[in-house]
Every structure is written in structure tokens, then in C-alpha cells.
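Notes for the structure review
Listed below are the residues making up each chain.
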Amino acid sequence: MSFTELFSLALGAILLENFVLVKFLGCCPFLGVSKKTETALGMGLAVMFVMTVASAVTYLVNKYILLTFDLGYMQTVAFILIIASLVQFVEMFLMKSMPSLYQALGIYLPLITTNCAVLGVALLNVQNNLNFIGSVVYGFSAAAGFTLAIVLFASVRERLEFSECPPSFEGFPIALVSASLLAMAFMGFQGLKIF
Amino acid sequence: MYTLSIVAPVVALGAMGLFFGLLLAVSSKIFHVEQDERLPQITEVLPGANCGGCGYPGCSGFASAVVAGEAPCNGCAVGGPETAAKIAAIMGVEVSAQDRKVAHVNCRGGHNAKRKFEYEGIQDCLAASKVGSGDLACSYGCLGYGTCEKACPYDAIHVVGGVAVVQADKCRACGICVSACPRHLISLVSEKQDVFVSCSSHDRGPVLRENCNIGCIGCTLCQKTCKHDAIHVVDNLAVIDYDKCVNCGECVAVCPRKLIVRASSITSETRQSAL
């Protein structure tokens with residue numbers, strides 16, 4: 001794949017087809033861990049790591065194990081297995097090296113296992129017939145798009161804390177409204193085209 | 001051919017599972033974190049109310065402080081001696097018996113005290129105290145809007161007859177009411193202490209008589225009567241030295257304003273009026 005192709009793939013995954021705001025994948029952590037920018041960034045980085053490595057590993061497993069033995073129908077099960085193990089690994093790593101981030105992420109860290117964005121990227125790689133480099137770049141940039149969305153949304157929510165809004169909208173309702181506005185803003189990127 | 005189509009996926013998935021399992025087993029050794037096994041045990045025996053009365057953020061915060069040796073085993077006032085003994089058993093240390101504390105309101109004004117004006121604002125002591133320094137004529141007394149009652153997680157303090165009264169058997173000495181009271185009238189005192197001066201006013205006698213039918217006028221009769229040098233009039237207010245007081249009750253008998261009282265008698269009165 002040429003550099004231009006990879007660039008357009010990455011830009012597409014980050015802006016045009018943002019995983020959270022356009023494809024609506026991974027909404028659980030998007031709403032759950034977006035109260036503070038710091039934790040949102042930590043979550044984004046964890047997802048970035050998991051998604052990049054998951055893309056690489058799932059590509060290899062798919063090509064050299066599943067397709068060789070004609071087991072394409074086992075993709076979902078095999079991918080879930082890989083993602084779950086990876087998340088376990090990240091959890092252990094964070095507990096050892098960054099206990100404060102580990103505590104801040106709390107329940108949402110194990111929940112990356114069931115984050116549909118991670119499984120989504122693995123399945124989309126197969127669907128789009130991407131090669132190894134393409135899969136890794138797509139996985140990384142999709143996670144970068146997720147991080148961008150969650151950090152943007154967290155900073156919006158931090159400001160919402162101090163804004164005056166009708167009592168019935170306080171807290172989660174206004175967060176959902178602003179999430180939809182953010183999603184609409186990302187629709188503006190639809191016209192963007194790379195030659 | 002048919003058997004192969006079953007065996008192949010089973011073997012492939014099984015092999016992958018085994019591989020990742022081994023990988024995780026190895027990395028769990030590498031990234032092993034020493035977690036004190038006493039931590040979950042202590043969290044288990046704590047009440048789990050997360051009241052924060054110990055000064056740590058919730059019960060798990062207190063548990064980690066105990067393990068770290070920063071907090072004493074008997075630091076949880078809510079759990080009382082039983083919890084302290086359990087924590088001490090987990091930590092493997094002896095715990096000294098600490099007497100239970102109970103909150104006490106140092107005011108009995110209520111309907112005995114005059115009001116300067118009709119307050120019809122937010123029914124909250126802090127809010128009321130901001131309007132012309134409170135509607136109570138006495139600038140020290142209990143406003144009786146029940147901020148402590150709302151704050152208490154154990155339903156142990158109630159406004160009875162216009163003044164907050166603690167129900168000693170329900171009080172867990174968490175200290176939330178102590179910090180909730182805008183007039184700082186509530187204090188935590190040992191359960192064994194029975195005699196209290198239920199007034200906090202430093203006003204001089206004549207001013208006080210104007211404001212309240214029950215407050216301390218600083219006549220020093222109690223000070224003269226006490227055989228244990230335990231009660232003194234300081235700044236127009238009788239104050240008991242709880243270390244010296246033996247609860248003999250002579251000051252209770254001699255007080256002309258009947259404001260030195262036995263806590264046990266207040267609690268039984270409160271029950272009667274509540275019923």
C-alpha cells in the first residue's frame with residue numbers, strides 16, 4: 001500500500017468515519033469515562049494500545065490460522081479470545097506501572113474486552129481486505145479517532161459541570177445532548193476527500 | 001472429512017486458548033503486584049457506610065490507611081469496639097479499649113428562647129443564620145431548622161421542642177452533625193460522661209435573661225458547689241472539665257436555671273415527646 005493510500009485510510013478512520021461519532025461503536029466507555037479529560041486520555045491510550053495490537057494479532061491469526069484451515073466462520077470467537085487476552089495483559093501492565101491510572105479507569109478497563117470498537121476494527125480489517133500494514137494503521141487510527149472523540153467530549157463535559165442548564169437536564173441528559181451535537185459536528189467532515 | 005471439520009476448529013481454538021493462557025500466566029508473574037491480603041479482609045469487616053467519619057475517603061480508604069499503619073485499628077467510630085477487635089485480629093495487634101463517644105448538643109433553648117423575627121426562608125440552619133445573623137435572639141443557640149437532622153446518616157439526631165437532641169443509642173459518633181452545625185453546638189463526648197452544661201451562650205446575665213429562659217447566666221453557684229474542681233465559669237458560661245467530672249450531679253441540683261442536666265434524662269424525655 002502506498003503512503004497516500006495509508007494516509008487516506010488513517011484520515012478516514014479518524015475524521016470521516018470516526019468510530020464513536022459516525023459509526024457509533026464503543027459508546028459505553030465514550031459516555032462512561034468521559035467525566036475528566038485526564039482519565040479520558042488514559043482510556044484513549046489504553047484503547048489505542050489494545051486496538052493496534054489487536055489489529056496486528058487478529059490479522060496474523062486470521063490469515064495464517066483461520067484461513068489456512070478454512071475456518072473463516074470462527075472469526076468472531078477467535079477475535080474475542082485474542083482481545084480478551086490482550087486486555088488482561090494491559091490490565092496487569094497498568095496495575096504494575098501506573099496504579100493511579102488503573103484506579104481511575106476502574107471497571108472500564110476490563111470493559112474494553114467487550115468494547116465493540118475493538119472487535120469492530122478487527123472484523124472491518126477482514127471485511128475491507130486490508131493487508132498487514134493497512135490493518136495496523138487502520139486499527140491505530142481508528143483508536144486515535146476514538147481518543148480524539150472521547151477527549152473532546154470529556155473537555156465539553158468538564159465545562160458542562162459549571163454551566164447553567166435546566167435542572168431536569170443536569171448530568172447525563174445534557175451529556176447525551178452534547179454527544180449528539182458533537183456527532184453532528186463530525187458529519188461536517190463527510191465532504192473531505194483525498195485525491 | 002466430516003470429523004475433520006469438527007476437529008480442526010476445536011484444535012485451532014484450543015491451541016490459541018492454551019497459547020494466550022500461557023502468555024498471560026507468564027506475564028502475571030512478570031507484572032505481579034504485591035497486594036496486601038489484609039486489605040480486602042479489613043474492608044470486609046468495616047460497616048461499608050462510607051460515612052467518612054474516620055477522616056479517610058470511604059471504608060476502603062480507611063482500610064488501606066490501617067494496612068499502611070497510618071490509621072489506628074479503632075479509627076472506625078461507627079463500627080465500634082467489635083469492628084476494632086476484628087481489625088486488630090487481622091492486623092495481629094492488641095487494641096486498647098476505647099470508650100464509645102456520643103454527640104451532644106450544647107443548647108436547650110428551643111421554645112425557651114426568644115425569636116427576633118419570623119423566619120420564613122429556606123428551612124435550613126445555615127440559610128437561617130445568614131438572615132440578620134439568625135432569627136434566634138441568642139446569637140449562640142440552636143436555630144432548630146434541623147440541618148444536623150438531615151445530615152445524620154443514622155437517624156440519631158432530631159429537632160424536638162425547637163432544639164436538636166441526640167438519641168445516644170443510635171449515635172455512632174461519625175461527627176457529620178458536628179461539622180454540619182453552623183453554630184458549632186455539637187461536640188463528641190465520651191459515652192460515660194452524663195452531666196452536661198446545655199448552653200453555649202457567652203452573653204452576660206441580663207442580656208441572656210432577655211433572650212432565653214434557660215441559658216447560663218454565669219452565677220458560679222455550680223463552681224462553688226463542685227467538690228471535684230470540675231466546673232468553672234469562663235467568660236459567662238459554665239464549662240465542665242470532663243477529665244475531672246465524676247457525674248455526681250451536685251451541680252445539676254444546684255443550678256437555678258436548670259440548664260445543667262443529665263444526658264440520660266434528656267434522652268428519655270425526648271423519647272416520651274417523640275412518642
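The sections below set out a description of the structure shown in this document. (Residues numbered from 1 in each chain as written. Chains lettered and ligands numbered in written order. Predicted model: local features only at pLDDT ≥ 70, side-chain atom pairs only at ≥ 80, totals over all residues. Heavy atoms only, no water.)

**Things to note about the overall build of chain B**
In terms of helices and strands, chain B carries 11 helices and eight strands. Out of the 275 residues in chain B, the part that is buried amounts to 41%. A separation threshold of at least 6 residues defines the contact pool for chain B, and within that pool the share at least 24 residues apart is 58%. For chain B, the accessible area works out to roughly 14900 Å², and carbon and sulfur atoms hold 58% of it. (Helix = DSSP H or I, 4+ residues; strand = E, 2+ residues; numbered from the N terminus. Buried < 20%, exposed > 50% of the residue type's maximum accessible area, 1.4 Å probe, protein only. Contact = heavy atoms within 4.5 Å. Areas by Shrake-Rupley, 256 points an atom, 1.4 Å probe, with all protein chains shown as cover.)

**Focus on the overall build of chain A**
Summing up its helical and strand segments, chain A has eight helices and zero strands in all. Its helices and strands in sequence order give chain A the pattern α-α-α-α-α-α-α-α, from N to C terminus. Each of the 195 residues in chain A was classed as buried or not, and the buried ones make up 46%. Across chain A, contacts joining residues at least 24 apart in sequence account for 78% of those joining residues at least 6 apart. When the accessible surface of chain A is split by element, carbon and sulfur atoms take 69% of a total near 9900 Å².

**Digging into unusual backbone geometry**
Positioned with a positive phi, T220 of chain B is a non-glycine residue whose angle comes to about 65°. Note on placement: T220 of chain B falls in the loop between α8 (205-211) and α9 (221-225).

**Notes on the interface of chain B and chain A**
Contacts between the two partners involve 15 residues from chain B, matched on the other side by 17 residues from chain A. A buried area of about 1400 Å², summed over both sides, lies between chain B and chain A, and 88% of it is on carbon and sulfur atoms. Where chain B packs against chain A, one counts zero salt bridges. At the boundary of chain B and chain A, one finds zero residue pairs in polar contact (both at pLDDT 80 or more). (Buried area = accessible area lost by both parts, 1.4 Å probe. Salt bridge = Lys/Arg side-chain N within 4 Å of Asp/Glu carboxyl O. Polar contact = N/O pair within 3.5 Å; in protein donor to acceptor, adjacent residues only side chain to side chain.)

**What about the packing of aromatic side chains?**
Residue and element names in this part refer to chain A. Taken as a whole and assessed by the stated rule, the structure comprises 10 aromatic pairs over all chains. Aromatic side chains F3 and F7 sit 6.5 Å apart centroid to centroid with 20° between the ring planes, which places their arrangement in the stacked category. Placement of the pair is F3 and F7 together in helix α1 (residues 3-16), with a separation of four residues, close to one helical turn. Take F3: its relative accessible area is 67%, and that puts it in the exposed class. Residue class for F7 comes out partly exposed when judged on its relative accessible area of 44%. (Phe/Tyr/Trp six-rings, centres within 6.5 Å; stacked < 30°, edge-to-face > 60°.)

**As for the pattern of salt bridges**
Oppositely charged side chains can pair when the atoms bearing their charge come close. If you walk through the whole model with that rule in mind, you get six salt bridges over all chains. In this structure, the salt-bridge partner of E17 of chain A is K23 of chain A, at a minimum N-O distance of 3.2 Å. Of the residues examined, E17 of chain A reaches a relative accessible area of 38% and is grouped as partly exposed. Note that K170 of chain B and D155 of chain B form a salt bridge whose closest N and O atoms lie 3.3 Å from each other. Of this pair, K170 of chain B sits in the loop between β3 (163-166) and α7 (176-180) while D155 of chain B sits in the loop between α6 (147-151) and β2 (157-160); the two residues are 15 residues apart in sequence, bridging distant segments of the chain. Of the residues examined, K170 of chain B reaches a relative accessible area of 32% and is grouped as partly exposed.

**Things to note about α1 of chain A**
Residues and elements named next belong to chain A. With 14 residues, α1 should cover 20 Å at 1.5 Å per step; its first-to-last C-alpha distance of 18 Å lies within 8% of that length. Among the residues of α1, L6, L9, A10, G12, A13, L15 and L16 are the ones counted as buried. Each element contacted by the buried residues of α1 is listed here: α7 (132-160) and α8 (172-187). (Expected span 1.5 Å × (residues − 1).)

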